[in-house]
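Per-entry structural report
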Amino acid sequence: MNQDFIHLHVASALSMRYGTSTPQDLVVRAAEFGQTALALTDRETVAGAVSFIHACASADVSPILGVDIALETPQPYLPTPAHGGKWVKPERPRVTLLAHDKLSWAGLCAVITAAHRDSREDPEIDRKELLRLAGEHGVIALLGPRSDVGYNILNRRPDRALDHLRTWQDHGVRTYLEIATHHQNPDGSNLSDTFAARMLQWAIVHRTQAVLTNLVRYRDPKDSRIADVLDASRRQVALSNQPTTSQAFLASSQHMSAIAQRVSSLVGDPRDIGKALLRQTVALGQECVIDPQADLGMNQVYVPELSKLLPGETRSADSILQERCEVSFSNYLTDNAVTRNDDLRTTRERLDSELSVIKQMGLAGYVLTVAQVVDMIRAMKVRVAARGSGAGSFINHLLGISGVDPIKHNLLMERFVSTLRPGLPDIDIDVESDRRIEIYQAIFDRFGDQRTTCVSMRETYRVRHAIRDVGAAMGMPPGEINTFAKSFPHIRARHIRSALAELPELRRSGIGIRAARGDLDQFLDLVEGLDGLPRHTALHPCGIVLSDLSLLQRTPVQPSAQEFPMSQFDKDDVEHMGLLKLDVLGVRMQSALAYAIDQVYQVQGPDAYGTDSTGKINLESVPRDDPKTFELIQSTKTLGCFQIESPGQRELIGKFAPVSFGDLITDISLFRPGPVKSDMITPFLRARQGWGLTDYMHPDLKEILTETSGVVVFHEQVMRIISVMTGCSLEAADLIRRRMGDYEQLDEIREWFYKALQSRNYELSVIEQVWDVLRAFASFGFCKAHAAAFALPTYQSAWFKTHHPAAFLAGVLTAVLELRF
């Protein structure tokens, strides 16, 4: 009876304190078994859906998505002896829901959102709401041993079981009975062979289709002990007081065929019934295969509708963006005294090129949305500045998103967005730290909670949490657990043994001595087994998602501790889902500068260095070549100044002696772990100060490397070197640069690079020298646009300390106190 099998009920580690394996590991195991499709049905979440889909694509396995949802039940909370006798709600009835198209995926999102709406700690959904949502959205329901139907069959109440089944069917929900058994369970259990046979017999009698599952929650049988610990932690009982099983693993098709035969043998003809059960399971699985792009909307772009951004506007986003850029472009030419024909032509070509890329990629709505958010923040009288590769876009500069001129500082649009690199670009926004929550609320008020949500992140088990949960599960005294956990530094759980062996204070302790004797081997194995497993969902510190009205049809949301709704997808997944992710980062220096500006105005009124409409200092208009400011920076008296106040930075600027804004960009790029570790600072300083010769490697590269004295510092320089020497476009050069970070691809890239340069008649010695520099760069380069965005508040803080030291000190102290309290 061997045939293909599709697992339709599979929980990953994203089912927190329940599953033990990542979606990727489960997909790999299914592929090893030759299974053509696999479902992911985590408990009350689809947080693993995107990584699961990517893993399926890599393994040539078709993805199926669903959710295992708890039903609201008026059961009392019961006290437990573990964890201080806290009150814990017993296990509730559960059903598994499967999506099969775009509408049913929206249904899953609606069900999960409803389950989390009023039950933050123990998500559950009202039965009537579940039936309504499932029926409206065509969701498929699997009623298994833990459902109301299964519960009543177990308790020999077939009439009530039939009532529950008919209730689902009366709401237009396609239902299947889910047959599951873990044969080591006793006959009275709802996971025994005899009960599985009773459910199958009941399905046959009532002409209800049935499917076979293994209630998967881990990849291998050996992982069952970790699952037992998670159960004990979730239920807050000791390991010795709960049933254990090693059967909830992702089994082979042959293993599942054997289960089908074993269960069907207790019903009737094992061959015909078992084959039919497997056939129905595979047929349902094939029907429920998801198309990530058509059903989930992945790899598309979703931004707020133009009617929401600009009410009453009838033109296209491209036309509006073009008009705004043209107005700003005229102002730019005037403000920067661009009059030479060559400069005019170059600047015009830059704008036209960027507009063409934005139009080709359909990103006009994205850019207009970000610009409107920045304008809104400025209207709130909050300091705001862009960071990241977005500073390389001339359009972003013209729209006021970025205060850095990419033409003046030789930045590249291709580092920010490229037609060869699909997906949304990334723009981060720095704001005053003490007003970040106010800005969050303003964004929600402006776009509405149907188009806006926050990004979530997952906190994972580290050594202290793992010790506490394992200790409680093993029945250790709470005081001893707490003392043991606190004795460890904040390290990963998998490093517990090395910490016990290497840290003297642990090695000489009673715990360390017991561990060295082998008395704690089981305990330490379990702690290590919890390493990296998700244990809690939290609000991302800065990510906000903006979308059109389809947002809640493509991602479930749940409340955070701060009361803001958050998507179940993390910062990477929301981008794959085509959602506009805007990182709004609270920066203490921006708060310090805002407070200092207020102090100056209150004490002396309007400032001579230029003011805004309120008469206060406008830091964006102060000259960026102020000699006194650079004297302060060269003196290394930069405590309190953004990015250049650490001892290491003060040492570097003392040796570097920056004299221009461009020098600050280079300084910030050099003081990074990669350049410091690779000792790239020394050759730069030697060439910069004339202590050594400047080596440009080839005359073609002199223009590219002059600003950094022949040393490759920026991503943009690598892109230009590759483009100039191979003849490829800057967009293609950026793809090559990104691939160079993958050591497995270096040989392939090297072969291409050598052939390209040899065809352009470069000498082998030059090719080898340039390649060695580029290869090393992969571990230490920095984005110049990002550094330029950082250099702006760096210069502004140094300027303020130079011209208004008392107000600057007051601003820094105020910002520190606000952050602390």
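Here the structure is shown first, and the text comes after it.
Cut-offs and rules
- Residues numbered from 1 in each chain as written.
- Predicted model: local features only at pLDDT ≥ 70, side-chain atom pairs only at ≥ 80, totals over all residues.
- Heavy atoms only, no water.
- Helix = DSSP H or I, 4+ residues; strand = E, 2+ residues; numbered from the N terminus.
- Rg over C-alpha atoms; globule rule 2.2 N^0.38 Å.
- Buried < 20%, exposed > 50% of the residue type's maximum accessible area, 1.4 Å probe, protein only.
- Contact = heavy atoms within 4.5 Å.
- Areas by Shrake-Rupley, 256 points an atom, 1.4 Å probe, with all protein chains shown as cover.
- Lys, Arg positive; Asp, Glu negative; His and termini not counted.
- Charge placed at Lys NZ, Arg CZ, Asp CG, Glu CD.
- Salt bridge = Lys/Arg side-chain N within 4 Å of Asp/Glu carboxyl O.
- Polar contact = N/O pair within 3.5 Å; in protein donor to acceptor, adjacent residues only side chain to side chain.
- Expected span 1.5 Å × (residues − 1).
- Arc of directions from axis to C-beta.
- Pairing = 2+ DSSP bridges.
- Core = buried A, V, L, I, M, F, W, Y, C linked by side-chain atoms within 4.5 Å.
- Axes fitted to C-alpha atoms, helices over the stretch in contact; angles between N-to-C directions.
- Left-handed = near helix turned anticlockwise from the far one by under 90°.
- Parallel < 35°, antiparallel > 145°, perpendicular 65-115°, else oblique.
- Phe/Tyr/Trp six-rings, centres within 6.5 Å; stacked < 30°, edge-to-face > 60°.
- Lys NZ or Arg CZ within 6 Å of the ring centre and 35° of its normal.
- 1 Å grid on protein atoms, 1.4 Å probe; cavity = no way out; pocket = protein on both sides within 12 Å on 5 of 7 lines; lining within 4 Å.
- Points joined across faces, edges and corners; volume = space filled by probe spheres on them.
- Nonpolar A, V, L, I, M, F, W, Y, C, P; charged D, E, K, R; others polar.

Time to look at the overall build of the protein chain. Scanning the protein chain from terminus to terminus reveals 38 helices and 15 strands. For 821 residues, the compact-globule estimate of 2.2 N^0.38 gives 28 Å, and the protein chain sits close to it at 31 Å. A principal-axis box enclosing the C-alpha atoms of the protein chain has dimensions of 90 × 70 × 65 Å. For the protein chain, the proportion of its 821 residues judged to be buried stands at 55%. For the protein chain, the proportion of contacts with a sequence separation of at least 24, taken over those separated by at least 6, is 74%. Total accessible area computed for the protein chain in this model is approximately 34,500 Å², and 50% of it derives from carbon and sulfur atoms. Counting 89 positive and 100 negative side-chain charges, the protein chain places the averaged centre of each group 4 Å from the other.

We now examine the pattern of salt bridges. Enumeration according to the criterion identifies 52 salt bridges in this entry. With a closest N to O distance of 2.8 Å, Asp430 and Arg387 form a salt bridge. Within this pair, whereas Asp430 is found in strand S10 (residues 428-432), its partner Arg387 is found in strand S9 (residues 384-387), the two being separated by 43 residues in sequence. Accessibility classification places Asp430 together with Arg387 in one group, the buried group. Across the salt bridge formed by Asp525 and Arg497, the nearest N and O atoms sit 3.0 Å from each other.

This part is about the side chain of Glu178. Among the structural elements, Glu178 can be located in strand S7 (residues 174-180). Nearest to the buried, unbridged Glu178 among oppositely charged side chains is Arg146, at 7.4 Å. Here His9 takes part through its side chain, which lies 2.6 Å from a polar atom of the side chain of Glu178. In this structure Glu178 touches His9, Thr96, Leu142, Leu143, Gly144, Pro145, Met199, Val211, Thr213 and Leu215, once residues within four positions along its chain are discounted.

Let's shift gears to helix H9 (residues 253-265). Taking 1.5 Å per residue, 13 residues should reach 18 Å; H9 reaches 18 Å between its end C-alpha atoms and fits that length. Turning to H9, its buried residues are Ser253, Met256, Ser257, Ile259, Ala260, Val263 and Ser264. In an axial view of H9, the angular spread of the buried residues amounts to 160°, which keeps them on one side of the axis.

Let us look at helix H23 (residues 521-529). For H23, the set of buried residues is Phe523, Leu524, Leu526 and Val527. End-on view of H23: buried residues confined to an arc of 160°, all on one side of the axis.

Along strand S6 (residues 140-143), one buried face is formed by Ile140 and Leu142 and the opposite face, lined by Ala141 and Leu143, is buried too. In this sheet, S6 lies alongside strand S5 (residues 94-98) in antiparallel orientation, the contact comprising three bridges. Looking at S6, one finds that Thr96 is bridged to Leu142. With four bridges joining them, S6 and S7 adopt parallel strand pairing. Across the sheet, the residue bridging to Ala141 is Thr175, located in S7.

By size, the foremost hydrophobic cluster in this structure holds 80 residues, and its most contacted members are Leu97 and Trp105. Of all hydrophobic cores here, the second largest spans 59 residues; its members include Val303, Val357, Cys542 and Leu580.

In contact at an axis separation of 8 Å, helix H29 (residues 661-670) and helix H37 (residues 784-803) are set at 115° when each is read in the N-to-C sense. Our pair here, H29 against H37, has a crossing hand that is right-handed. Touching Phe661, Leu664, Ile665, Ile668 and Ser669 of H29 are Lys784, Ala787, Ala788, Phe790, Ala791, Leu792, Thr794 and Tyr795, all from H37.

Here the focus is the packing of helix H33 (residues 715-726) against helix H36 (residues 764-777). Relative to each other, H33 and H36 sit at 150°, their axes nearing to 11 Å. Taken together, the axes of H33 and H36 are roughly antiparallel relative to one another. As for how H33 packs across H36, the hand of that crossing is left-handed. Between H33 and H36, the residues in contact are His715, Val718, Ile721, Ile722 and Met725 and Val766, Val770, Leu774 and Phe777, respectively.

So, on to the packing of aromatic side chains. As enumerated under the stated definition, the model contains 12 aromatic pairs in all. When the centroid spacing of 5.1 Å and the interplanar angle of 85° are considered together, the rings of Phe656 and Phe684 count as edge-to-face. Of this pair, Phe656 sits in helix H28 (residues 647-656) while Phe684 sits in helix H31 (residues 681-688), and the two are 28 residues apart along the sequence. As far as the burial class goes, Phe656 and Phe684 line up, both buried. Here the aromatic rings of Phe753 and Trp771 are separated by 5.6 Å at their centres, their planes lie at 40°, and the arrangement is tilted. Within this pair, whereas Phe753 is found in helix H35 (residues 746-759), its partner Trp771 is found in helix H36, the two being separated by 18 residues in sequence. According to the relative accessible area criterion, Phe753 is buried, its value standing at 2%. Taken together, the aromatic side chains of Phe329, Tyr332 and Phe394 make up a single cluster linked through ring pairs. Between the NZ or CZ atom of Arg446 and the centre of the ring of Phe447, over which it lies, the distance is 5.0 Å. The ring of Tyr754 is capped by Arg750, whose NZ or CZ atom sits 4.2 Å from the centre of that ring.

With that settled, the discussion passes to empty space enclosed by the protein. Taken as a whole, this structure holds four cavities of 30 Å³ or more when the rule is applied. If you go around the largest cavity, the residues you meet are His9, Asp68, Arg94, Val95, Thr96, Leu142, Gly144, Pro145, Arg146, Ser147, Glu178 and Leu215. Among the elements that line the lining of the largest cavity, the one with the most residues is S5, at three residues. Residues belonging to the lining of the largest cavity are distributed by class as follows: four nonpolar, four polar and four charged.

So, on to the sheet that holds strand S2 (residues 62-70). Spatially, the six strands line up as an open sheet ordered S1-S2-S5-S6-S7-S8, and their pairing is mixed. With one partner strand each, in any of the chains shown, strand S1 (37-43) and strand S8 (210-213) form the two edges of the open sheet. Taking each pair of neighbouring strands and ignoring which way they run, the sheet shows an average axis angle of 30°. Two strands pair when backbone bridges link them, and S7 and S8 are joined in this way by four bridges, in the parallel orientation. Along S8, the bridge assignment pairs Ala180 with Thr213.

Okay, the environment of Asp101 next. Residue position: Asp101 is located in the loop between S5 and helix H3 (102-117). A residue is classified by how much of its surface remains accessible, and Asp101, at 27% relative accessible area, is partly exposed. In the structure, Asp101 is positioned 425 residues away from Leu526 in sequence and 40 Å away in space, judged by C-alpha atoms. Among all residues touching Asp101, those that are not within four sequence positions of it are Ile290 and Asp295.

Phi is positive for Arg156, close to 55°, though the residue is something other than glycine. Considering the arrangement of structural elements, one finds Arg156 in the loop between helix H5 (148-154) and helix H6 (158-170). Unusually for a residue other than glycine, Asn299 sits at a positive phi of about 60°. You can see Asn299 is positioned in the loop between helix H11 (292-296) and helix H12 (306-309).

Attention shifts here to the environment of Val149. Position of Val149 relative to the elements: it lies in helix H5. Along the sequence, Val149 and Asp163 sit 14 residues apart, while their C-alpha atoms lie 8.5 Å from each other. Each residue touching Val149, except ones within four places of it in the same chain, is listed here: Leu143, Ala161, His164, Leu165, Leu177 and Trp202.

For the rest of this paragraph, the subject is the environment of Leu580. Note on placement: Leu580 falls in strand S15 (residues 580-587). Leu580 has contacts with Tyr302, Val303, Tyr366, Thr369, Val370, Leu424, Ile544, Val545 and Leu546, leaving out every residue within four places of it along the chain.

By themselves these figures say nothing about function.
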